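# Architecture and fold: a report
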Amino acid sequence: MNEFEKLLEESLTAPEELKKGQIVKGKVVKVSGDTAFVDIGYKTEAVISREEIPEAKEGEEIEAVIVRFSPRMTNPVLSVKPLKEQEELNKIKEAYLNKEDIVGRIENKVRGGFIVDIEGIKAFLPFSEAGKKLKEGQVLTFKVIDFKLDTKRPKIIVSHKAYLEEQREKRKQELLNSLKPGDVVEGKVVKVDPNKGVTLLIEGVLRAFLPKEELSWGRDKNPYNYTDVGETLKVKVKRVDKAKGFIIVSLRELKGNPWEKFVKEHKEGDIVEGKVVAVIPKGVILELAEGVEGFVPEDELAWEGKPEFKKGDVVKAKILKIEPKRRRILLSIKRAQPRPWEEFLQKHPVGSKVKGKVIKIEGSRAIVDLGEGIKGVIHRSDLSWTRPKRVEEVLKEGEEREFAVLGLEGRYVKLGIKQLTENPWEKVKQKYKVGDVVKLPVKELAPFGAFLELPEGVEGLLPFSEVPKHIRLKKGQEYEVKIIDINPKEGKITFSINALMEERPKEEEKEEAAVATTSPSSGFKLGEILKKKWKM
């Protein structure tokens, strides 16, 4: 029992005696200036400072403690402060026992901590229990962590840190109870583990773990590529573990499933841009969006040759096939680019001249290297306005020469040599017509006839069917023939001796008729007529 409690007990056992420390009740009988006069049943009124009972009025009963008294004193002196201090001590003790909050003001800084005023009661706040940086005059909420009463003064130790921790725990439980999968929260990054993931604090109280698998839909699982300690990050709740007091979150789910978005926005035939994430023996893998990858087979990398790609290269590709259920996309890089032979034709239109190197002769055609992976093809029919038997008669492998561009033939640029010179058929078309009789040499004999050459360098065919049976054609010998067909567009002209022979009898009949009507002195004889008839 402390001194105050002893005085209280004594005052209750001897109410007729007045002494210092005694608790008395009385009625305010007069208020004068700074003093109030109270009737406590003593021969004279007791006095109390008006500051202690500023609201008291005459006739109001109060309870106070005798703080100064002597038979020689005219008026006992009262005070309500001891009662208020006792009341406040009881509150502090109750807060200590029940672990309740109390409010106090930081009065001043002392060695090892702060003095806190709690309604007139002094308590000590150690630096270690401050919880944060404090300054004098701040009014804060505390927890009483130690309460002792001795004969001199009470020993009270408070903690603001304990109060903050309790509030954090309360808020943590509130979050755990309110959060559910799918909710979006924002937290501060407190730890980054490149092997496991990221740890965040939600509102500074709830721990959240972001596994590295939940960072991205793509291949990049390095946490440092997405965040760093001290940064804030928005994430989506995946799981709430109330028992362990933390939540599992996802960054990638906040962005939505990229496959669903990609399939909605793209279709087969679209041209897309992608980044090379892997180069494998069978082709290249492109990342089209975070978490969406497509495969480019080796034969779809380029129109010609095998280009070299490296990770990080950004290229355009054409979507050939989308399989949403299997999450597979087939791509082509070459089809997203202009066809090189078409580009070549734009730079070198039909009729222009180009240089190339003969790299291969294949039967009736030759393959020509035009540079930059472009190949040309030239057929025997385009080597000369005449008809060479073999390509090798005009071209040799390894030979470099000039060609005329004729157009495209598949992936090849179609070339010609004869087109570099004037087309003799234009002259033939102007100079000759069907029915004309010409005398020409045999240039070449073939199983089906003989090729005769006009002076313009054009060859025509004299089929054996148009040659009388008694005539044996010889190479180099000249024959008189008749043109029976001429087709400059197809480069064909056909000759005939038979057609010429059929006309001869008619002419001779006319001549014979003329002889019959002429006198013998005219000089014409039957032998001369017969000789002329069979002359070739």
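For the structure, see preceding data.
So, a few notes on the structure that sits alongside this text. All values reported here derive from a predicted model rather than from experimental measurement.

### A few points about the nonpolar core
In summary, soluble globular proteins display a tendency toward joint burial of nonpolar side chains. Formed by 21 residues in total, the largest nonpolar core has its most connected members in Leu452, Leu454, Leu462, Leu473, Val481, Phe495 and Ile497. Of all the secondary structure elements, the ones that give two or more residues to this core are helix H6 (424–431), strand S26 (437–446), strand S27 (449–453), strand S29 (478–487) and strand S30 (492–496). Here the element with the most residues in this core is S29; it accounts for four residues. For Val481, the contacting residues outside a window of four places in its chain are Asp436, Val437, Val438, Leu452, Leu462, Phe495, Ser496, Ile497 and Leu500. Residues Ile202, Leu210, Leu215 and Val237 belong to the second largest nonpolar core, which totals 20 residues.

### Re H6
If you check which residues of H6 are buried, you get Pro424, Trp425 and Val428. Take H6 and look down its axis: the buried residues cluster within an arc of 95 degrees, on one side only. Structurally, H6 contributes buried residues whose contacts are with strand S28 (459–463), S29 and S30.

### Thoughts on the side chain of Asp270
Relative to the elements of secondary structure, Asp270 occurs in the loop between helix H4 (258–265) and strand S16 (271–280). Classification of Asp270 as buried rests on a relative accessible area of 16%. Side-chain polar atoms of Asp270 contact the backbone nitrogen of Lys267, separated by 3.0 Å.

### As for the sheet that holds strand S14 (residues 232–241)
Around the barrel, which closes on itself, the five strands sit in the order S11-S12-S13-S15-S14 with mixed pairing between neighbours. Adjacent strand axes in the sheet meet at a mean angle of 50 degrees, parallel and antiparallel pairs treated alike. Here helix H3 (residues 160–178) sits on the sheet in contact with strand S12 (197–202), strand S13 (206–211), S14 and strand S15 (246–250), set at roughly 50 degrees to S13.

### Examining the pairing of strand S19 (residues 314–323)
Relative to S19, S16 runs antiparallel, the two sharing five bridges. If you follow Glu273 over to S19, its bridge partner there is Lys316. Judged from the five bridges that link them, S19 and strand S20 (residues 328–332) form a sheet pairing that is antiparallel. Its bridge partner lying in S20, Lys318 is registered against Ser332. Counted between consecutive antiparallel strands, the loop separating S19 from S20 contains four residues, among which Arg327 sits at a positive phi close to 55 degrees.

### With respect to the pattern of salt bridges
Any two side chains of opposite charge can pair, on the condition that their charged atoms come close. Taken as a whole, this structure holds 31 salt bridges when the rule is applied. When the shortest N-O distance is used, the salt bridge between Glu362 and Lys360 registers 3.7 Å. Residue Glu362 is classed as partly exposed on the basis of its relative accessible area, which comes to 30%. Salt bridges linked by common partners bring Asp101, Lys143, Glu166 and Lys170 together as one network.

### What to know about the sheet that holds strand S25 (residues 412–416)
With mixed pairing, the five strands of this closed barrel are ordered in space as S21-S22-S23-S25-S24. Looking at each pair of strands side by side, their axes are set apart by 50 degrees on average, direction ignored.

### Observations regarding unusual backbone geometry
Notably, Lys99 is not glycine yet its phi reads approximately 55 degrees, a positive angle. With respect to the helices and strands, Lys99 occurs in the loop between helix H2 (81–98) and strand S6 (101–110). Given the relative accessible area of 65%, Lys99 is considered exposed. A positive phi angle, near 55 degrees, is found at Arg327, a position not held by glycine. Its place among the elements puts Arg327 in the loop between S19 and S20. Under the relative-accessibility criterion, Arg327 is labelled partly exposed at 44%.

### Description of the packing of aromatic side chains
Applying the stated criterion across every chain yields a total of five aromatic pairs. Between Phe114 and Phe127, the ring centres sit 5.3 Å apart and the planes meet at 85 degrees, which makes this aromatic pair edge-to-face. Highlighted residues: Phe114 in strand S7 (residues 113–118) and Phe127 in the loop between strand S8 (121–126) and strand S9 (139–149), separated in sequence by 13 residues. For the pair Phe448 and Phe451, a centre-to-centre distance of 6.0 Å together with 90 degrees between the ring planes defines the contact as edge-to-face.

### A word on the environment of Val116
Looking at the secondary structure, you find Val116 in strand S7. Residue Val116 is classed as buried on the basis of its relative accessible area, which comes to 0%. In this structure the C-alpha to C-alpha distance between Val116 and Val103, which are 13 residues apart in sequence, comes to 9.4 Å. Apart from the residues lying within four places of it in its own chain, the contact partners of Val116 are Gly104, Arg105, Ile106, Glu107, Ile121, Lys122, Ala123, Leu125, Phe142 and Val158.

### Some details on the environment of Val277
By secondary structure assignment, the location of Val277 is in strand S16. By relative accessible area, which is 14% here, Val277 ends up buried. Beyond its immediate stretch of four places on either side in the chain, Val277 contacts Arg219, Ile285, Leu286, Glu287, Glu293 and Lys311.

### Let's talk about the environment of Arg327
Separated by 67 residues in sequence, Arg327 and Glu260 have C-alpha atoms that sit 9.9 Å apart. Arg327 has contacts with Asn257 and Trp259, leaving out every residue within four places of it along the chain.

### Here we look at the side chain of His160
Tracing the sequence through the fold places His160 in helix H3. His160 gets classed as buried once you look at its relative accessible area, which sits at 3%. For His160, the residues in contact, after removing those within four places along its chain, are Leu125, Glu129, Ala130, Lys132, Leu134, Leu140, Thr141 and Phe142.

Cut-offs used in this document
Residues numbered from 1 in each chain as written. Predicted model: local features only at pLDDT ≥ 70, side-chain atom pairs only at ≥ 80, totals over all residues. Heavy atoms only, no water. Core = buried A, V, L, I, M, F, W, Y, C linked by side-chain atoms within 4.5 Å. Buried < 20%, exposed > 50% of the residue type's maximum accessible area, 1.4 Å probe, protein only. Helix = DSSP H or I, 4+ residues; strand = E, 2+ residues; numbered from the N terminus. Contact = heavy atoms within 4.5 Å. Arc of directions from axis to C-beta. Polar contact = N/O pair within 3.5 Å; in protein donor to acceptor, adjacent residues only side chain to side chain. Pairing = 2+ DSSP bridges. Axes fitted to C-alpha atoms, helices over the stretch in contact; angles between N-to-C directions. Salt bridge = Lys/Arg side-chain N within 4 Å of Asp/Glu carboxyl O. Phe/Tyr/Trp six-rings, centres within 6.5 Å; stacked < 30°, edge-to-face > 60°.

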